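Breakdown of the fold
The residues making up each chain are set out below.
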Amino acid sequence: MTEAELKPKSVDGAKPDGAAKSPQGVGPVVEAPPPPDAVEPDPGLTPEEAAHARKRYLLRRFWISARGYWGRHGDRSSWPCSIGLLAMIILNVGLQYGINLWNRHIFDAIEKRDAATIYYLSAVFLPLVLASVALVTAQVSVRMMMQRRWRSWLTSAVIQRWLANGRYYQLNLIGGDHANPEARISEDLRIATESPVDFVAGVLVAFLSASTFIVVLWTIGGALTLPVAGSAVTIPGFLVIAAVLYAGITSTSIAIIGRSFVAVSEVKNQAEAEFRYLLTHVRENGESIALLGGEEEERNDVDRTFGKVLKQWALLAGQHMRTTLVSQGSSLIAPVVPILLCAPKFLDGSMTLGEVMQAASAFTIVQAAFGWLVDNYPRLADWNASARRIASLMMSLDGLERAENNDSIGRIQRGETEGNAILSLNELSVSLDDGTSVVKETQVDIEPGERVLIAGESGSGKSTLVRAIAGLWPWGRGSVNFRAGSRLFMLPQRPYIPSGTLRRATAYPRAADDWTVEEILAALEAVGLGYLGEKIEEDAPWDQTLSGGEKQRLAFARLLLHNPDIIVLDEATSALDEKSQEQMMETVIRELPKVTIVSVAHRVELEAFHSRKITLERRDGGAKLVSDIDLIPRKKRPKSLLRRSASALLNTKRHSGHKNGGRN
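Residues numbered from 1 in each chain as written. Predicted model: local features only at pLDDT ≥ 70, side-chain atom pairs only at ≥ 80, totals over all residues. Heavy atoms only, no water.

1. With respect to the overall build of the protein chain
Each helix and strand counted, the protein chain has 19 helices and twelve strands in total. Long-range pairs, those at least 24 residues apart, make up 77% of the contacts in the protein chain with a sequence separation of at least 6. Accessible area for the protein chain stands at about 32800 Å²; split by element, carbon and sulfur atoms hold 57% of it. (Helix = DSSP H or I, 4+ residues; strand = E, 2+ residues; numbered from the N terminus. Contact = heavy atoms within 4.5 Å. Areas by Shrake-Rupley, 256 points an atom, 1.4 Å probe, with all protein chains shown as cover.)

Structure, rendered in structure tokens:
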């Protein structure tokens, strides 16, 4: 097993200390609603139609969770921020209209050479500008605060579900589109919450601006009469019609040119995530790669993955080039069009210079409002891809959450033991998430203080059984029962070493200051790491600095500090030599004489430190328990503590006082 040690916890269902808190720095605990019902595509759809339907549902699934920010259990600032942002947008459009009127009057005054009016308007201009700048600045502040708090709320909700009940680990055991969850939570969720606020604000500004300045164009432009074939043709509201046609042409062009933008952006984001994951994987396994001399192979793999990134960036660059061609051309042509359209009316004296300039300004604003899609289509595509990626992760979490409350596949139950047993496996069968059996019909009762060794050939299901005991593997039948109030601690083959000081690494998963320096030094000394005592407060990359054997010794030091009731060792001494292994086991037995030990190991030497041996054998249809023998003679065990299934044990008999057992 490569997962980190479990936090000490009460196996009667109580949460460990701090379990009710949200991830540090993320925000308050979010009360998440139950997951939505699973949605399967219509079997009559073609593969392309099914894929399209799934993409639509992914966006819907994102909003099912994201809109909770404004719900009963959402952030208390959500509605004040939303209403405040709307009010500032309306006021800002009003100021735009005021500046538009200012343009008309200043140019009329210039045309009439009215010095007094020019001086007056010059004095009015500064307050207008200051008010507009202050309002826009406040609008940006509120908008970004809303984005920040929405991201905090939704990130807290997703992380809370991701870390609950070991789902972050179970995602590795099931199929689905949820690779690189850390990138989805950190990057895709950021884009998915930032962009909608910008989009909604942009749409509101565009709608209000278009509505306001279309009226301006209609009012000051009036009708245009043109001579056509000897007759006069009158076009009412010609400036409005021109603005709509112009915007329609540019928007249609961008929609056609950028129709592949969403798909290309989504594939690019996935390629970027895979590239980041590969680089992280190389860093985390640097020692093994260096010892094996695998740099060239890793370089080839990195180059191959980065090549996919570059290929997708090239496709995306092509999309950007085509959309830029339209948007840049539009931005250059738009200011000139209204002046040319108004020129005939200005020349015949029916429009003043101020009205021409006001019309030009209003036309540009309307064009910008209608052309909002032109300027934001790339960001819209990027948001679309990010929202789908985070929704894919949500759907996988939905499946795990539904499985926790669904008996269709089967869930391993967790309860309390009866009698003297501290741990019992009652008709326990462990299966994959698709129902395939891995371990079948295991019936074992373990008394307090027993030291049980689980043996068997590789692939027989030993580590899977250990995961089920620890609560990391949820699928199966039967139950895992603990004595009420008992605390479980697990030591995997590769101990997790957190960042920070050696003191924190030793105390993990509890806080470093839960023990005194002297207590931590004593634990390090007991496991043979006393020479590291002078570095206990040193903040260093201990995960890279310590050897495999030192990491396993450090895990045993944690064990001594936490003093649990039950220890699960999964190849926890595999990196130690025989003498060091003997020292670790003797230390645990001496320092924690009453602790119950469940070990998974291949080394025969470990039998000397256990009182009982359970052997699993791989069979078709799932591994079975084929022998359960005492390694150390002792008093007769009460029959109630060993209720074996004949099919599980294959009629193997236990005899009290026997040193060795056999198989039938």
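2. Regarding the pattern of salt bridges
Scanning all chains against the criterion turns up 20 salt bridges. Residues arginine 503 and glutamate 537 are paired through a salt bridge, measuring 3.2 Å at the closest nitrogen-oxygen approach. One end of the pair, arginine 503, is in helix α14 (residues 502-507); the other, glutamate 537, is in the loop between α15 (517-526) and α16 (542-545), and 34 residues separate them in sequence. Classification of arginine 503 by relative accessible area gives buried; the value is 15%. With a relative accessible area of 45%, glutamate 537 lands in the partly exposed category. (Salt bridge = Lys/Arg side-chain N within 4 Å of Asp/Glu carboxyl O. Buried < 20%, exposed > 50% of the residue type's maximum accessible area, 1.4 Å probe, protein only.)

3. As for the packing of helix α5 (residues 181-221) against helix α11 (residues 353-370)
The contact between α5 and α11 brings their axes to 8 Å, and the two run at 150°. Here α5 is positioned roughly antiparallel relative to α11, judged by the angle of their axes. For the pair α5 and α11, the sense of crossing is left-handed. Between α5 and α11, the contacting residues are Ala206, Ser209, Ala210, Phe213, Ile214, Val216, Leu217 and Ile220 on the first element and Glu355, Gln358, Ala359, Ala362, Phe363, Ile365, Val366, Ala369 and Phe370 on the second. Per-class residue counts for the contact of α5 with α11 are 14 nonpolar, two polar and one charged. (Axes fitted to C-alpha atoms, helices over the stretch in contact; angles between N-to-C directions. Parallel < 35°, antiparallel > 145°, perpendicular 65-115°, else oblique. Left-handed = near helix turned anticlockwise from the far one by under 90°. Nonpolar A, V, L, I, M, F, W, Y, C, P; charged D, E, K, R; others polar.)

4. Remarks on the nonpolar core
Counting residues in each nonpolar core, the largest one holds 74 residues, and the members touching the most others are Phe62, Leu154, Leu423 and Leu425. A per-element tally of this core places helix α3 (residues 115-163) first, with eleven residues. If we ignore the near neighbours within four places in the chain, the residues touching leucine 154 are Phe62, Ser65, Ala66, Leu189, Thr193 and Met394. Residues Phe556, Ile567, Leu569 and Phe609 belong to the second largest nonpolar core, which totals 38 residues. (Core = buried A, V, L, I, M, F, W, Y, C linked by side-chain atoms within 4.5 Å.)

5. Here we look at the environment of glutamate 450
Note that glutamate 450 resides in the loop between β5 (437-446) and β6 (451-455). Residue classification places glutamate 450 among the buried residues on the basis of a relative accessible area of 3%. Between the C-alpha atom of glutamate 450 and that of valine 598, which follows or precedes it by 148 residues, the distance is 8.3 Å.

6. Thoughts on the confidence of the model for the protein chain
Here the protein chain averages 81 in pLDDT, while 86% of its residues score no lower than 70. Looking over the protein chain, one finds the lowest element-wise mean pLDDT in helix α19 (residues 646-649), namely 34, and the highest in α15, namely 94. The model gives residues 1-26 a pLDDT under 50, and that stretch makes 64 contacts with residues more than four places away or in other chains. Across residues 635-664, confidence stays below pLDDT 50; counting only partners more than four residues off in sequence or on other chains, it has 66 contacts. (pLDDT = per-residue confidence, 0-100.)

7. Side note on the packing of aromatic side chains
All told, the structure shown has 14 aromatic pairs when counted by the stated rule. On the numbers, 6.3 Å between centres and 75° between planes, the contact of tryptophan 162 with tyrosine 168 is edge-to-face. Of the residues examined, tryptophan 162 reaches a relative accessible area of 18% and is grouped as buried. (Phe/Tyr/Trp six-rings, centres within 6.5 Å; stacked < 30°, edge-to-face > 60°.)

8. Overview of the pairing of strand β4 (residues 423-431)
Taken across its nine residues, β4 has seven buried, putting it largely inside the fold. Here β4 pairs with strand β7 (residues 476-482) via six bridges, running antiparallel. By the bridge assignment for β7, leucine 423 is matched with phenylalanine 482. (Pairing = 2+ DSSP bridges.)

9. Observations concerning helix α18 (residues 578-591)
With 14 residues, α18 should cover 20 Å at 1.5 Å per step; its first-to-last C-alpha distance of 20 Å lies within 8% of that length. Of the residues making up α18, those classed as buried are Ser580, Gln581, Met584, Met585, Thr587 and Val588. Across the axial projection of α18, the buried residues extend over an arc of 155°, all falling on one side. Structural note: α18 exposes Glu578, Lys579 and Arg590 on the side pointing more than 90 degrees away from its buried face. (Expected span 1.5 Å × (residues − 1). Arc of directions from axis to C-beta.)

10. Notes on unusual backbone geometry
Omega for the peptide link from tyrosine 508 to proline 509 comes to 15°, which places this bond in the cis form. On the secondary structure map, proline 509 appears in the loop between α14 and α15. One non-glycine residue, arginine 113, lies in positive phi territory at about 55°. On the secondary structure map, arginine 113 appears in the loop between α2 (78-112) and α3. You can call arginine 113 exposed: its relative accessible area is 74%. With phi around 50°, asparagine 563 is a residue other than glycine that occupies positive phi space. Within the fold, asparagine 563 resides in the loop between α17 (548-562) and β9 (566-570).

11. Re the packing of α3 against α5
The angle between the axes and the distance between the axes are what describe a pair of packed helices. Where α3 meets α5, the axes come as close as 9 Å, and the angle between the chain directions of the two elements is 145°. Between α3 and α5 lies a crossing of right-handed hand. Between α3 and α5, the residues in contact are Arg143, Met146, Gln147, Trp150, Arg151, Leu154, Thr155, Val158, Ile159 and Trp162 and Pro181, Ile185, Ser186, Leu189, Arg190, Thr193, Glu194, Pro196, Val197 and Asp198, respectively. The residue makeup of the contact of α3 with α5, split by class, is eleven nonpolar, four polar and five charged.

12. Here we look at the side chain of serine 396
Note that serine 396 resides in helix α12 (residues 372-404). With residues near it in sequence (within four places) discarded, serine 396 still touches Leu171, Ile174, Asp177 and His178.

13. Brief notes about a nonpolar patch on the surface
A cluster of nonpolar side chains, Leu226, Val228 and Val233, forms an exposed patch at the surface whose accessible area comes to about 210 Å². Locating leucine 226 in the fold gives a position in strand β1 (residues 223-228). Under the relative-accessibility criterion, leucine 226 is labelled partly exposed at 35%. (Patch = residues over 30% accessible without salt bridge, like charges linked within 9 Å, V, L, I, M, F, W, Y side chains within 5 Å.)

14. Points about a negative patch on the surface
On the surface, Asp577, Glu578, Glu582, Glu586 and Glu605 cluster together into a patch of negative charge. Counting through the fold element by element, aspartate 577 comes out in the loop between β9 and α18. (Lys, Arg positive; Asp, Glu negative; His and termini not counted. Charge placed at Lys NZ, Arg CZ, Asp CG, Glu CD.)

15. Things to note about the side chain of glutamine 312
Take glutamine 312: it is sitting in helix α9 (residues 295-333). By relative accessible area, glutamine 312 is classed as buried at 13%. Those residues in contact with glutamine 312, other than ones at most four positions away along the chain, are Val264, Val267, Lys268 and Ala271.

16. Concerning the pairing of β1
Pairing analysis gives six bridges linking β1 to strand β2 (residues 231-236), with the strands arranged antiparallel. Within β2, the residue paired with leucine 226 across the bridge is valine 233. The antiparallel hairpin formed by β1 and β2 contains two residues in its connecting segment, where alanine 229 sits at a positive phi of about 55°.

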